[in-house]
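# Architecture and fold: a report
These are the residues of each chain, in order.
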Amino acid sequence: MSYMIHRPRRLRKTAAIRSLVRETRLAPENFVLPLFVCPGTGVRREISSMPGVFNLSIDELTTDVAAAQDIGVRSIILFGLPETKDEIASGAYAEDGIVQRAIRAVRQSSPEMIIMADTCLCEYTSHGHCGVVRDGEVINDDSLELLARTALSQAAAGADLVAPSAMMDGQVEAIRTLLDAEGFENTAIMSYAVKYASGFYGPFREAAQSAPEFGDRRAYQMDPPNAREAMRETELDYSEGADILMVKPATVYLDVLKMVRERFDIPCAAYHVSGEYALIKAAAQKGWIDEERVMLETLTSIKRAGADIILTYYAREAIRALKK
Ligand code: PBG
């Protein structure tokens, strides 16, 4: 037995000392704010399962982006609700598609903002799947060409980063190859490398109107019990040229995030998804938890596990809380 008592409590005595020895700090530049853009003007429609999150027409979007920038948000990621949907997701790669127009508008109104674009087809297909469907199956290789065209149109509109999230094999390589061939070698790819088939995406599908019409996404998104497989997915995306690797959802996959962080030296991102946001919001609305405290504790855990970048609907509130 040691003759003295070790006293970790000495370093917890005051707020100043706790801050002195703090290991993990959230900063405004860690956050990416997801935004949903829809047709029309003057549209600001709240998502019932995501209080504080809206479908915004482009004019309202530019207002919100400017306001977010004033708060300290440095990056946004855009999702689009197109006017019409079809079998081949035409709206995803149309030059005047909803996201392409939104990118140009934000580029104009908030030139400093880092603009990311989610590169997927599910919001644009009539069946709601993330790729081309034939005989009830999502066809991998036919989807690659459309995903690459989508990324190219987003880059051409002015996106700084494209973020493929369809979980098609080879999508990063297909996108990198087309971007490079078309002179967009400086557009970065943030790959949703490890994306689980998760129940936590429920509220997002209301926000993006992208629920699959039949079946589910288990034949392309990852099986939640698998962590070693996540190493294979990240290995592949890394070798295909991903600049940033993402794990999604965040809080229930912190073990996986930590493994990715330890394995690769490129930046890691984590997506605190719609359902994770909704859980905190709902409990807070019931008065069961202290929202600000739980939000910061949650986001801190994501950073502590290894995320350099956190995509979260809480970006604005988190930055405000950090300034207090
Ligand atoms: C598009 C996409 C989804 C999310 C991000 N990109 C939905 C899905 O895969 O069903 C989910 C984000 C969230 O839940 O906040 N494929």
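Scroll up to find the structure this text is about.
How each quantity is defined
Residues numbered from 1 in each chain as written. Predicted model: local features only at pLDDT ≥ 70, side-chain atom pairs only at ≥ 80, totals over all residues. Heavy atoms only, no water. Helix = DSSP H or I, 4+ residues; strand = E, 2+ residues; numbered from the N terminus. Rg over C-alpha atoms; globule rule 2.2 N^0.38 Å. Buried < 20%, exposed > 50% of the residue type's maximum accessible area, 1.4 Å probe, protein only. Patch = residues over 30% accessible without salt bridge, like charges linked within 9 Å, V, L, I, M, F, W, Y side chains within 5 Å. Areas by Shrake-Rupley, 256 points an atom, 1.4 Å probe, with all protein chains shown as cover. Salt bridge = Lys/Arg side-chain N within 4 Å of Asp/Glu carboxyl O. Contact = heavy atoms within 4.5 Å. Near = heavy atom within 4 Å. Polar contact = N/O pair within 3.5 Å; in protein donor to acceptor, adjacent residues only side chain to side chain. 1 Å grid on protein atoms, 1.4 Å probe; cavity = no way out; pocket = protein on both sides within 12 Å on 5 of 7 lines; lining within 4 Å. Sits in = over half its atoms within 2 Å of the grid points. Nonpolar A, V, L, I, M, F, W, Y, C, P; charged D, E, K, R; others polar. Core = buried A, V, L, I, M, F, W, Y, C linked by side-chain atoms within 4.5 Å. Points joined across faces, edges and corners; volume = space filled by probe spheres on them.

### A few points about the overall build of the protein
A count of helical and extended segments in the protein gives twelve helices and twelve strands. Against the globule reference of 20 Å for 324 residues, the protein gives a C-alpha radius of gyration of 20 Å, in line with a compact fold. The C-alpha extent of the protein, read off along each of the three principal axes, is 70 × 45 × 40 Å. Here the protein holds 324 residues, and the buried ones make up 55% of them.

### Quick word on a nonpolar patch on the surface
Taken together, Leu-11, Leu-20 and Val-21 make up a surface patch of nonpolar side chains, about 290 Å² in accessible area. Position of Val-21 relative to the elements: it lies in the loop between α1 (15–20) and β1 (31–38).

### Section: the side chain of Thr-24
When you line up the elements, Thr-24 lands in the loop between α1 and β1. Since its relative accessible area comes to 18%, Thr-24 is described here as buried. Dropping the residues within four chain positions of it, Thr-24 is found in contact with Thr-300, Lys-303 and Arg-304.

### Regarding the site of the ligand
Neighbouring the ligand are 19 residues; Lys-195, Arg-205, Lys-248, Ser-274 and Tyr-313 lie closest to it. Between Arg-205 and the ligand, the recorded distance is 2.6 Å, taken from a side-chain N or O atom to an oxygen atom. Note that a nitrogen atom of the ligand is positioned 3.4 Å from one of the side-chain N or O atoms of Lys-248. Burial of the ligand by the protein amounts to 100% of the accessible area it has alone, namely 400 Å². Taking a 2 Å distance to the grid points as the criterion, the majority of the atoms of the ligand fall inside the largest cavity. Elements supplying a minimum of two residues to the shell around the ligand: β9 (188–195) and α7 (202–207). Taken together, the residues of the shell around the ligand sort by class into eleven nonpolar, three polar and five charged.

### Some words on the nonpolar core
Core analysis: the largest hydrophobic core is formed by 112 residues, its most contacted members being Phe-36, Leu-61, Ile-77, Met-190, Val-256, Leu-299 and Leu-311. Leaving out residues up to four positions away in the same chain, Phe-36 has contacts with Val-53, Phe-54, Asn-55, Leu-56, Phe-79, Leu-81, Phe-204, Ala-207, Ala-208 and Tyr-313.

### A look at the layout of surface pockets
Estimates place the volume of the largest pocket at around 340 Å³. Lining the largest pocket are Arg-22, Thr-24, Arg-25, Leu-26, Glu-292, Leu-296, Thr-300, Ala-321, Leu-322 and Lys-324. Those elements that place two or more of their residues in the lining of the largest pocket are α11 (291–304) and α12 (315–323). Tallying contributions element by element places α11 first for the lining of the largest pocket, with three residues. Split by residue class, the lining of the largest pocket holds four nonpolar, two polar and four charged. Approximately 290 Å³ is the volume attributed to the second largest pocket.

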